[in-house]
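Per-entry structural report
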Protein chains: 2
Amino acid sequence: MDKIPTSTLKRLPQYLEVLKQFSRAGLKEVSATKISVFADLHQTLVRKDLSYTGISNVPQSGYNIRKLAKAIEDLLNWSDTSSSYLVGVGHLGSALLGYQEFSQRGLNIVGAFDNDTEKIGTTIHGVPVHSLLDITSMAHKQGVHIGIITVPPEAAQLVADLMVHSGIKAIWNFTPHKIHVPSDIIVEYVDMFASLAVLSRRLAEKEAH
Amino acid sequence: MDKIPTSTLKRLPQYLEVLKQFSRAGLKEVSATKISVFADLHQTLVRKDLSYTGISNVPQSGYNIRKLAKAIEDLLNWSDTSSSYLVGVGHLGSALLGYQEFSQRGLNIVGAFDNDTEKIGTTIHGVPVHSLLDITSMAHKQGVHIGIITVPPEAAQLVADLMVHSGIKAIWNFTPHKIHVPSDIIVEYVDMFASLAVLSRRLAEKEAH
């Protein structure tokens, strides 16, 4: 399996969204030019990114939308369903348990974990909440390899350590806390605060003028 | 007000997290080296980023933690409170209404909007939910300049247009849909799916070996 550059991977979901728009509009084929306009990206970049799919850009007609979307989903492994665990059932964690957009993108949250006895034993959006103490035995039994962290930042490292010990191979960290894990563990951040930092500062700079 | 590079702005919240850790551990001062180890970044980069705060790195002792944290919050305008609106009270939107981490970072969500009559008139985590039809008049009255989009992707552009029409100057878009707005409007994305794309693919590449 070829290694696709991170920058390309990050843009692929955006192409999928654009393709869905065209599909909803009743189109069957679309040119790279049109995709680039809707995605607000340079055409050369779009062509290069989409070349990883192996789908050909036919002169005059362009890409077959259905085939291209399927090929992107295959590249991202979104056609397959991967089981995952979520740790930290606060506001954000609970919301993610009910976020249907994940299951449409191959991510199935099969268990949630918390240390709050009020939450343990309940079911949130159909996902059972277990004690954090059980994560290791359950992960080994269920063969789960993806862990989602939605605990307060100061607990992120502890949870990450537990996940690694439990055989988790990829960690999706929703806290701003930088976690330290062995180099073979895949870590991705959803860093809302990095994004909020840019938004706040740019607005302050603008309003200072 | 000087323009700070985006890459620096994105790292500033991470330094804040690290400083909080040191502060919890009872430290009053910290060296750039120590910060760089905890943030997993190169020391030269850390020094350069932190130079924007104007706080001096004293030989032997390092930075004063309290002063440095305050200076970072000032740079990000997180010491001031900015009012914002959120549009789209689904799972994710509701969760963000209850997310206390935002108010600790200067972002106060003062109103939510939806077009679901079941939700309009209710209060979620203390935030009143209004009809989307009222956003323009309310934004002008309340002088709100920040809008958060948590609707389904296909509705994002419509909501963005409404926000711009309502005098919103900065849009925080939680959908993967690329919105098109006038160039003087600030737009930031929290792109969970870009991050999920990298995570899924890297795991698939790893498991294929």
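Residues numbered from 1 in each chain as written. Chains lettered and ligands numbered in written order. Predicted model: local features only at pLDDT ≥ 70, side-chain atom pairs only at ≥ 80, totals over all residues. Heavy atoms only, no water.

Right, let's get into the overall build of chain A. Across its full length, chain A holds 9 helices and 9 strands. Projected onto the principal axes, the alpha-carbon positions of chain A cover approximately 60 × 55 × 35 Å. Relative to its full complement of 209 residues, chain A shows a buried share of 53%. Taking the intrachain contacts of chain A between residues at least 6 apart in sequence as the baseline, contacts between residues at least 24 apart amount to 53%. When the accessible area of chain A is evaluated, it comes to approximately 9,300 Å², of which 51% is carbon and sulfur surface. Chain A carries 20 positive and 20 negative side-chain charges, and their two centres are separated by 10 Å. (Helix = DSSP H or I, 4+ residues; strand = E, 2+ residues; numbered from the N terminus. Buried < 20%, exposed > 50% of the residue type's maximum accessible area, 1.4 Å probe, protein only. Contact = heavy atoms within 4.5 Å. Areas by Shrake-Rupley, 256 points an atom, 1.4 Å probe, with all protein chains shown as cover. Lys, Arg positive; Asp, Glu negative; His and termini not counted. Charge placed at Lys NZ, Arg CZ, Asp CG, Glu CD.)

All names here are of chain A. Of the residues making up helix α2 (residues 32-39), those classed as buried are Ala32, Ile35, Ser36 and Ala39. One side of α2 holds all its buried residues, which, seen down the axis, span an arc of 100°. Tucked inside the fold, the buried residues of α2 contact α1 (6-24), β1 (29-30), α3 (43-51), β2 (63-64) and α4 (65-75). One or two steps after α2, the chain reaches Asp40, where phi turns positive at roughly 60°. (Arc of directions from axis to C-beta.)

This part covers the pairing of strand β6 (residues 127-131) of chain A. Residues and elements named next belong to chain A. Of all 5 residues making up β6, 4 are buried, and the element is well covered by its neighbours. Direction of pairing for strand β4 (residues 107-114) relative to β6: parallel, over a ladder of 3 bridges. Looking across to β6, one finds that Phe113 is bridged to His130. As paired strands, strand β5 (residues 123-124) and β6 are joined by 2 bridges and run antiparallel to one another. Each bridged residue has a counterpart across the sheet, and for Ile124 the counterpart in β6 is Val127. (Pairing = 2+ DSSP bridges.)

What follows is about helix α9 (residues 192-207) of chain B. An α-helical turn contains 3.6 residues, so a residue and the one three or four places further along point in the same direction. Compared with the 22 Å implied by 1.5 Å per residue over 16 residues, the 22 Å span of α9(B) between its first and last C-alpha is a close match. Among the 16 residues of α9(B), 14 are classified as buried, and the element is accordingly described as predominantly covered. (Expected span 1.5 Å × (residues − 1).)

Here we take up the relation of the copies chain A and chain B. After a rotation of 180° and a shift along the axis of 0.0 Å, chain A superposes on chain B with an RMSD of 0.0 Å. What we have between these two chains is a two-fold relation. Residue A:Ala95 of chain A places its C-alpha closer to the rotation axis than any other residue of that unit, at 2.8 Å. (Least-squares fit on C-alpha atoms with pLDDT ≥ 70 in both.)

Across a sheet, strands are paired by hydrogen bonds formed along the backbone, either parallel or antiparallel in direction. Strand order in the open sheet made by the 7 strands is β5-β6-β4-β3-β7-β8-β9 (chain A), with mixed pairing throughout. At either margin of the open sheet sits one strand with a lone partner, and together these are β5 and β9 (186-189) of chain A. Those strands touched by helix α7 (residues 135-142) of chain A are β3 (82-87), β4 and β6 of chain A, and its axis lies near 175° from that of β3(A). Taken strand by strand, α9(B) contacts β4, β7 (146-149), β8 (170-173) and β9 of chain A, and its axis lies near 175° from that of β9(A). (Axes fitted to C-alpha atoms, helices over the stretch in contact; angles between N-to-C directions.)

Each partner contributes to the interface: chain A provides 67 residues, whereas chain B provides 67 residues. Where chain A abuts chain B, roughly 6,600 Å² becomes buried across the two surfaces, and 67% of that area is made up of carbon and sulfur atoms. When the area that chain A buries against chain B is broken down by residue, the three leading residues are A:Phe193, A:Leu199 and A:Arg201, summing to 11%. Remark: the boundary between chain A and chain B carries 0 salt bridges. Taken together, chain A and chain B are joined by 24 residue pairs in polar contact (both at pLDDT 80 or more). The set of elements that each furnish at least two residues to the side of chain A that touches chain B consists of α1, α2, α5 (91-97), α6 (100-103), β8, β9 and α9 (192-207) of chain A. The element that contributes the greatest number of residues to the side of chain A that touches chain B is α9(A), accounting for 16 residues. Of the residues assigned to the side of chain A that touches chain B, the class counts are 37 nonpolar, 12 polar and 18 charged. (Buried area = accessible area lost by both parts, 1.4 Å probe. Salt bridge = Lys/Arg side-chain N within 4 Å of Asp/Glu carboxyl O. Polar contact = N/O pair within 3.5 Å; in protein donor to acceptor, adjacent residues only side chain to side chain. Nonpolar A, V, L, I, M, F, W, Y, C, P; charged D, E, K, R; others polar.)

Right, let's get into the pattern of salt bridges. Residue and element names in this part refer to chain A. For the structure on display, the rule yields 14 salt bridges over all chains. The partner of Glu17 in a salt bridge is Arg105, with the nearest N and O atoms 3.0 Å apart. Note that Glu17 is positioned in helix α1 and Arg105 in the loop between α6 and β4, a separation of 88 residues in sequence. Arg105 matches Glu17 in its accessibility class, with the two residues each being buried.

Moving on, we come to the packing of aromatic side chains. Remark: the centre distance and the inter-plane angle together describe each pair of aromatic rings, the angle taken between the planes. For the structure on display, the rule yields 14 aromatic pairs over all chains. Following the ring pairs from residue to residue traces out a cluster consisting of A:Tyr99, A:Phe102, A:Trp172, A:Phe174 and B:Phe193. Note that A:Arg105 overlies the ring of B:Phe193, its terminal NZ or CZ placed 3.9 Å from the centroid. (Phe/Tyr/Trp six-rings, centres within 6.5 Å; stacked < 30°, edge-to-face > 60°. Lys NZ or Arg CZ within 6 Å of the ring centre and 35° of its normal.)

What follows deals with the environment of A:Ser79. Residue and element names in this part refer to chain A. Structurally, Ser79 can be placed in the loop between α4 and β3. Distance from Ser79 to Lys67, taken between C-alpha atoms, is 13 Å for residues 12 residues apart in sequence. When near neighbours in sequence (up to four residues on either side) are disregarded, Ser79 contacts Lys70, Glu73 and Asp74. Engagement of the side chain of Ser79 in a polar contact is seen with the backbone oxygen of Glu73, the distance being 3.4 Å. Within the structure, Ser79 has its side chain in polar contact with the side chain of Asp74 (distance 2.4 Å).

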